[in-house]
Amino acid sequence: MAILQQHGAAAFSRGASSLGGVRLAGEGALALLCRAGGPLAIYAVFALLIGLPLALVLIQAIMPGLFDTRDASAALSLAPLAHALAEPRVTQSILHSLELAATVAVTTTVLGGAFALLVQRCEIPLRGAIAMVPWLVFLTPSYLKALAWVLLMSPGGYLAQLGVLPPALGSAFFGLAGLVFVHTLSLFPLAGFIIGSALTGLGGELEDAARLSGASPVRIWLRINGPLLAPAIALSVIAAFAEVLSDFGLASTIARVSDFGVLTYGIYAAASDYPVDFPAAGAQALVLLLLVVLVVLADRLLRRRADPRLISGRSRPSRPYDLGGWRWPAAAVALAIATLALLLPLAAIAARALSRTLGHGLEWSNLTSANVATALSLGTQANEGLLRSLGFAGLTALVASGIALLLSAQLDRSNPVLRTIVIGLSLGAVAIPGIVLGFGYILLWNRLPGFRDWPFPHYGDSSLLVMGYVAAALPYCLVVIMAAIGQLAPSLTDAARLHGVGSMRRLLAITLPLVFLSVVTAFLLTFIRTVFELPMSQMLIPQSGPPAPTLILKLFSHDRDGLASAIALVAMVAAGGSAALVWILARRFARPRGAVVSGTGNLVTEHAP
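Residues numbered from 1 in each chain as written. Predicted model: local features only at pLDDT ≥ 70, side-chain atom pairs only at ≥ 80, totals over all residues. Heavy atoms only, no water.

Undergrad: Describe the overall build of the chain, listing the residues and the values that go with them.
TA: A tally of helices and strands in the chain yields 25 helices and two strands. Taking all 609 residues of the chain together, the buried fraction comes to 46%. Long-range contacts, defined here as pairs at least 24 residues apart, represent 74% of the contacts in the chain between residues at least 6 apart. Carbon and sulfur atoms provide 67% of the accessible area of the chain, an area that totals close to 29600 Å². (Helix = DSSP H or I, 4+ residues; strand = E, 2+ residues; numbered from the N terminus. Buried < 20%, exposed > 50% of the residue type's maximum accessible area, 1.4 Å probe, protein only. Contact = heavy atoms within 4.5 Å. Areas by Shrake-Rupley, 256 points an atom, 1.4 Å probe, with all protein chains shown as cover.)

Undergrad: With reference to specific residues and values, describe helix α12 (residues 263-272).
TA: Of all the ten residues making up α12, seven are buried; the element is thus mostly covered by neighbouring parts of the structure. What α12 keeps buried is the set Leu263, Thr264, Gly266, Ile267, Tyr268, Ala270 and Ala271.

Undergrad: Kindly report on the side chain of Thr253, identifying the contributing residues and their values.
TA: Mapped onto the elements of the fold, Thr253 is located in the loop between α10 (217-246) and α11 (254-257). Only 2.8 Å separates the side chain of Thr253 from the backbone oxygen of Gly249, close enough to count as a polar contact. Discounting residues that sit within four places of it in the chain, Thr253 has contacts with Tyr143, Ala146, Leu147 and Leu553. (Polar contact = N/O pair within 3.5 Å; in protein donor to acceptor, adjacent residues only side chain to side chain.)

Undergrad: How would you summarise the packing of α12 against helix α18 (residues 434-446) if you had to cite specific residues and measurements?
TA: Between α12 and α18, the shortest axis-to-axis distance is 9 Å and the interhelical angle comes to 20°. On the basis of their axis angle, the class for α12 and α18 is roughly parallel. Considering how the two elements wind past one another, α12 and α18 form a crossing that is left-handed. The residues of α18 that touch α12, namely those facing Thr264, Ile267, Tyr268 and Ala271, are Ile435, Val436 and Phe439. (Axes fitted to C-alpha atoms, helices over the stretch in contact; angles between N-to-C directions. Parallel < 35°, antiparallel > 145°, perpendicular 65-115°, else oblique. Left-handed = near helix turned anticlockwise from the far one by under 90°.)

Undergrad: Which residues make up the packing of aromatic side chains, and what are the values?
TA: This model, assessed by the stated rule, comprises twelve aromatic pairs. Pairing Phe115 with Phe188 gives two aromatic rings, centres 5.3 Å apart and planes at 65°, and the pair type is edge-to-face. In this pair, Phe115 sits in helix α3 (residues 88-121) while Phe188 sits in helix α8 (residues 176-200), placing the two residues 73 residues apart along the sequence. By relative accessible area, Phe115 is classed as buried at 5%. You can call Phe188 buried: its relative accessible area is 1%. What links up through ring pairs into an aromatic cluster is the set Trp149, Phe173, Phe174 and Phe181. (Phe/Tyr/Trp six-rings, centres within 6.5 Å; stacked < 30°, edge-to-face > 60°.)

Undergrad: Let's hear about the nonpolar core: which residues, and what values?
TA: With 152 residues, the main nonpolar core has Val436, Phe439, Tyr441 and Ile567 as its most contacted residues. When residues in this core are grouped by element, the largest group, 16 residues, is from helix α19 (residues 462-485). A domain-level breakdown of this core finds at least three residues from each of domain 1 (41-62 + 370-590) and domain 2 (101-261 + 331-367). Those residues in contact with Phe439, other than ones at most four positions away along the chain, are Val57, Gln60, Ile267, Ala271, Phe278, Ala281, Gly282, Ala285 and Met539. In terms of nonpolar packing, the next biggest core, distinct from the first, is built from six residues, Ala116, Ile195, Ala198 and Leu229 among them. (Core = buried A, V, L, I, M, F, W, Y, C linked by side-chain atoms within 4.5 Å. Domains from an automatic or database assignment.)

Undergrad: Before we move on, could you go through the environment of Ala409 and cite the residues and values that matter?
TA: Mapped onto the fold, Ala409 is located in helix α16 (residues 381-413). Among residues more than four places away in sequence, those in contact with Ala409 are Ile485 and Leu507.

Undergrad: Account for unusual backbone geometry, naming residues and giving values.
TA: Here the amide bond leading from Phe456 into Pro457 is cis, since omega sits at -10°, within 30 degrees of zero. Within the secondary structure, Pro457 is located in the loop between α18 and α19. With a phi angle near 60°, Asp259 is a residue other than glycine that sits in the positive phi range. You can see Asp259 is positioned in the loop between α11 and α12. Of the residues examined, Asp259 reaches a relative accessible area of 70% and is grouped as exposed. Unlike most non-glycine residues, Asp559 shows phi in positive territory, near 60°. Here Asp559 shows up in the loop between α24 (548-557) and α25 (561-589). Residue classification places Asp559 among the exposed residues on the basis of a relative accessible area of 68%.

Undergrad: Talk me through the side chain of Gln284; I want residue IDs and the actual numbers.
TA: Within the element layout of this structure, Gln284 appears in helix α13 (residues 278-305). One polar contact links the side chain of Gln284 to the main-chain carbonyl oxygen of Gly266, over a distance of 3.5 Å.

Undergrad: Can you tell me about the pattern of salt bridges, naming the residues and giving the values?
TA: For the structure shown, the criterion picks out four salt bridges. In this structure, the salt-bridge partner of Arg127 is Glu123, at a minimum N-O distance of 3.9 Å. Residue classification places Glu123 among the partly exposed positions, given a relative accessible area of 35%. Arg352 is paired through a salt bridge with Asp561; the nearest N and O atoms lie 2.9 Å apart. (Salt bridge = Lys/Arg side-chain N within 4 Å of Asp/Glu carboxyl O.)

Undergrad: Let's hear about the confidence of the model for the chain: which residues, and what values?
TA: Chain-level statistics for the chain give a pLDDT mean of 80 and a share of 80% at 70 or above. Counting contacts from residues 1-34, a segment whose pLDDT is below 50, to residues more than four positions away or on other chains yields zero contacts. (pLDDT = per-residue confidence, 0-100.)

Put into structure tokens, the structure is as follows:
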């Protein structure tokens, strides 16, 4: 009996040990799964929102029969791609896009660099107010500025009515010259930001040394400042080139009216045709995507090769130039640029929104509030489109900033390799043309088996449009929020974790209060951007009705530009006013300075007095 008891005890001990080993192994596997779940979730989000749609665009270009509803085939064939590229219309669109992008890249860099130099390095009157102009221009959608210039430069437009537009200049506007002009005024803030940031780091010690050696200001700029700013100038050219290639606003307005075909509008025309011309759309999307990828690669190569370190412990701020009697003419030039880029287009939209017809001009008898009243009246198509866009923008901003916050918190705890990959993907996704991403969404949710039958999101529903908005806005939100979370000390969350505080509670009680203003910034940028998002709105129009950007273009194309201008005016006021109110409230009530964990494990947030 004793022997049996000993054997039984040994067997029980071995069984308990084996059960404990199984339990420990299960807990280890669960912990490993939890640790791997974060990176897997990050990859899944990027793959579903951005990666898979773009992959389908590339696959469709080399497998043209893959999405054929009658006779689907996965056979590789470059014949449709070669046929599409052999068409004169497609070839001309490619050449037009390259010609326009190259020209605008130069003019934008010259104007933006001169404006940055004038504002940052010269003593001019109204310097603070003039410095705000590029930000306002940058936030104004390109298609609204294009439509405003159509109102100004048309044969019966406002400038012709005022007698300041020669007929030859008006006719030349609707072509390459007009596109270059409007693109330059629209994109010069981008060049100004890039070159201006380099000017900020350009200390004054080198200039002072050259000046003491007897060098003239012209020689200093040619031999010292110019070479130091060369990388920033080159980056400005590359960024402007990519922006023009990806732009859909001017392509669907001035370029379409001028019969100046470009790639982005060619993709939209092929994808919106019935039946959809997938080979033509795929070929042009592939060409556009390859061009943008080449530009991004050139940007990365330039950043790696040319990286001058201008700020050191001995750097001192550069002295602003005293223009003397030229300070007022210089300020007048800056104000003229502000007028052409911002004030005049906004005035044209406001004037057209408050007038009955364009032909009768600015006479008192032609003024009316009917267009604005229609845009504000409930139940009208204009008001429904406006409310639809505002609602979509609010939902998109909430979802995109929430996802970006979760991903940023996860990435901050992940390995550096994953963080570097996601940051690179985010920056690369910013350069992806919205029209190409929208075409990928059509392939994914309307053609791909397994996805086209999903109840949510579903092709033709508002849910898919919101998902497209989120995909377009997520890279911007991720970059903004990751920059803020990266500045937090790891000890804040480590202390809470040691006291048993869960990850979600740490995020909401510690991380979020500390980066709240950055989250609000990402939210507001996404909100304003989505209200006027045109490419995704055009490609994924829901059956419930078009959003405001699509409705504005439709009304303009049907000679109802007064109502279209009223919708644009009300949308700008509503979006800008809402964003300003949210920002003021956020700055007023969000004043946390830090968070600590008490000895009992409770979270205590410290507030500024």
